[in-house]
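Listed below, chain by chain, are the residues.
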Amino acid sequence: MKTAKRKKLKIRKKNFTIFILTIFSFLFLVTKCINIITTHTTKETKKVPTTKEKQKGKNKNDKLETIKKELEYYNEEYQERYEKYLEENPKLSLEQVVKNVNMHLDQMPYEDIEEAKYQNTEKILVNKHYYLTKDYVPKNLENISTRYALSGMKLVKNAKEAFEKMAKDAEKQDLTIVAMSSYRSYTYQVNLYNRYTKEDGKEKADTYSGRAGHSEHQTGLAVDVYNKETNYTNFEKTDEYKWMQKHAQDYGFILRFPKNKEKETGYQFESWHYRYVGIEIAKYIKNNNISFEEYYATKIKDW
Ligand SMILES: [Zn+2]
């Protein structure tokens, strides 16, 4: 009996040891597993997005590199501005990013301004980013015939001739197109803008009037029209406006501040303000439904 008891005891001891060992190894394994899982997940949450981000950034730069070769109007001097603008506007296409930066939409109006290029040509762009100096007076200013303008209205020769031709052709359709404001000097604009800011405040005045040096009227290529019957602010409702919508480009004129282009042009829609750019450019702008800013940013390189 004694030996049998001992044997039983031995077996119990053995089983107990096995039991303890299994428990320990189980616990060991569980801790190990937990450790592995936690380190893995922390590694994952820390590491993976960084790699993704890096990859993303790399892709963007790669894409900018590719688009650089594809886009004629990619300006290497703007590289950093493209990258910054892309970061701030990740939903935009790369093409749009380049276009917008070329149009200076990454800058505030009247900030980082530059003197207008292509002076005394039809390509000149004057807006809230490009200015003319106090003493800029366009060459070849001529009076518009009072048949088609209020007295004393001047435009640059080519623009004046094109305007008279356009108004004459409209007249044949019993339409009256009359220039009521055309070339305006720097000083004239100073007084005009000051009057507007007194009436409406600076913020509002900026939506419809250029600050001195920034008005396109100083180029001698811009003209405001009306039909002698309706106030110019309602020109949109006239038959003359409809006719100009169809034909202005054939004479080299564009509606300079169209609807839905306020961001690009910096101005609200003005049905009465036209700009002479020459027939070829005017037709291109009309057919492609773009603003002069977009044309300038993609077709006219000033760098
Ligand atoms: Zn105007």
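Examining the pattern of salt bridges
Logical step 1: Scanning all chains against the criterion turns up 19 salt bridges.
Logical step 2: Of the charged contacts, one joins arginine 211 and aspartate 206 as a salt bridge, the two residues approaching to 2.8 Å between their closest N and O atoms.
Logical step 3: Since its relative accessible area comes to 12%, aspartate 206 is described here as buried.
Logical step 4: The residue glutamate 216 makes a salt bridge to arginine 275 at a minimum N-O spacing of 3.0 Å. One end of the pair, glutamate 216, is in the loop between helix H6 (202-208) and strand S6 (222-226); the other, arginine 275, is in strand S8 (residues 273-276), with 59 residues separating them in the sequence. Arginine 275 shares its class with glutamate 216; the two are buried.
Logical step 5: Taken together, the shared-partner salt bridges in this structure form one network comprising Glu216, Arg256, Arg275 and Glu293.

Considerations on the packing of aromatic side chains
Centre distance and the angle of the planes are the two values used to describe a pair of aromatic rings.
Logical step 1: On inspection of all chains with the given rule, the structure shows 14 aromatic pairs.
Logical step 2: Where phenylalanine 163 meets phenylalanine 253, the ring centres are 6.1 Å apart and the plane angle is 75°; that geometry is what we call edge-to-face. On the criterion of sequence distance, the pair formed by phenylalanine 163 in helix H4 (residues 157-171) and phenylalanine 253 in strand S7 (residues 253-255) is long-range, its members being 90 residues apart.
Logical step 3: Residue classification places phenylalanine 163 among the buried residues on the basis of a relative accessible area of 0%.
Logical step 4: Judged by relative accessible area, phenylalanine 253 falls into the buried class, the value being 1%.
Logical step 5: Joined through ring pairs, the aromatic side chains of Tyr118, Tyr130, Phe292 and Tyr296 make up one cluster.
Logical step 6: Looking at arginine 81, its charged tip hangs above the ring of tyrosine 78, at a distance of 4.3 Å from the centre.
Logical step 7: One cation-aromatic arrangement involves arginine 211 over tyrosine 110; the distance from NZ or CZ to the ring centre is 3.9 Å.

Remarks on the coordination of the zinc ion
Logical step 1: For the zinc ion, the full set of protein donor atoms is His217 (NE2), Asp224 (OD), Asp224 (OD) and His273 (ND1), and the range of their distances to it is 2.1 to 2.7 Å.
Logical step 2: For the zinc ion, the four donor atoms in the first shell make angles of 53 to 148° at the metal, so the coordination geometry reads as irregular.
Logical step 3: All donors of the zinc ion belong to a single chain; written as a sequence motif, their spacing is H-x6-D-x48-H. Taken together, the residues histidine 217 in the loop between H6 and S6 and histidine 273 in strand S8 connect sequence positions 56 residues apart. Taken as a pair, histidine 217 and histidine 273 share a single burial class, namely buried.

Remarks on helix H9 (residues 279-288)
Logical step 1: Taken together, the buried positions of H9 are occupied by Ile281, Ala282 and Ile285. Taken around the axis of H9, the buried residues stretch over an arc of 100°, which confines them to a single face. Residues of H9 that are exposed and point more than 90 degrees away from the buried face comprise Glu280 and Asn287.
Logical step 2: As for H9, its buried residues are in contact with S7 and helix H10 (292-299).
Logical step 3: At the C-terminal side of H9, asparagine 289 shows a positive phi close to 50°.

What to know about the nonpolar core
Logical step 1: If you look at the biggest cluster of nonpolar residues, it comprises 47 residues, and the most contacted ones within it are Phe163, Met244, Phe253 and Tyr274.
Logical step 2: The set of elements that each furnish at least two residues to this core consists of strand S4 (154-156), H4, S6, helix H7 (239-247), S7, S8, H9 and H10.
Logical step 3: Residue contributions to this core peak at six residues, all from H4.
Logical step 4: The contacts of phenylalanine 163, once residues within four sequence positions are left out, are Ile144, Tyr148, Leu155, Ile177, Val178, Ala179, Val223, Val225 and Phe253.
Logical step 5: Of all hydrophobic cores here, the second largest spans 13 residues; its members include Leu71, Tyr73, Tyr82 and Leu94.

Concerning the packing of helix H2 (residues 79-88) against helix H3 (residues 94-102)
Logical step 1: Remark: H2 packs on H3, axes separated minimally by 9 Å, with the N-to-C direction vectors making an angle of 120°. In this view, H2 runs oblique relative to H3, as classed from their interaxial angle. Here H2 runs over H3; the crossing is right-handed. Residue-level inspection shows Arg81, Tyr82, Tyr85 and Leu86 of H2 in contact with H3, the latter providing Leu94, Val97, Val98, Asn100, Val101 and Asn102.
Logical step 2: When the residues that make up the contact of H2 with H3 are grouped by side-chain class, the tally is seven nonpolar, two polar and one charged.

Criteria and cut-off values
Residues numbered from 1 in each chain as written. Predicted model: local features only at pLDDT ≥ 70, side-chain atom pairs only at ≥ 80, totals over all residues. Heavy atoms only, no water. Salt bridge = Lys/Arg side-chain N within 4 Å of Asp/Glu carboxyl O. Buried < 20%, exposed > 50% of the residue type's maximum accessible area, 1.4 Å probe, protein only. Helix = DSSP H or I, 4+ residues; strand = E, 2+ residues; numbered from the N terminus. Phe/Tyr/Trp six-rings, centres within 6.5 Å; stacked < 30°, edge-to-face > 60°. Lys NZ or Arg CZ within 6 Å of the ring centre and 35° of its normal. Donors = N, O, S within 2.8 Å, 3.2 Å for Na, K, Ca; no water. Tetrahedral: all angles 85-135°; square planar, octahedral: opposite > 155°, others 65-115°. Arc of directions from axis to C-beta. Contact = heavy atoms within 4.5 Å. Core = buried A, V, L, I, M, F, W, Y, C linked by side-chain atoms within 4.5 Å. Axes fitted to C-alpha atoms, helices over the stretch in contact; angles between N-to-C directions. Parallel < 35°, antiparallel > 145°, perpendicular 65-115°, else oblique. Left-handed = near helix turned anticlockwise from the far one by under 90°. Nonpolar A, V, L, I, M, F, W, Y, C, P; charged D, E, K, R; others polar.

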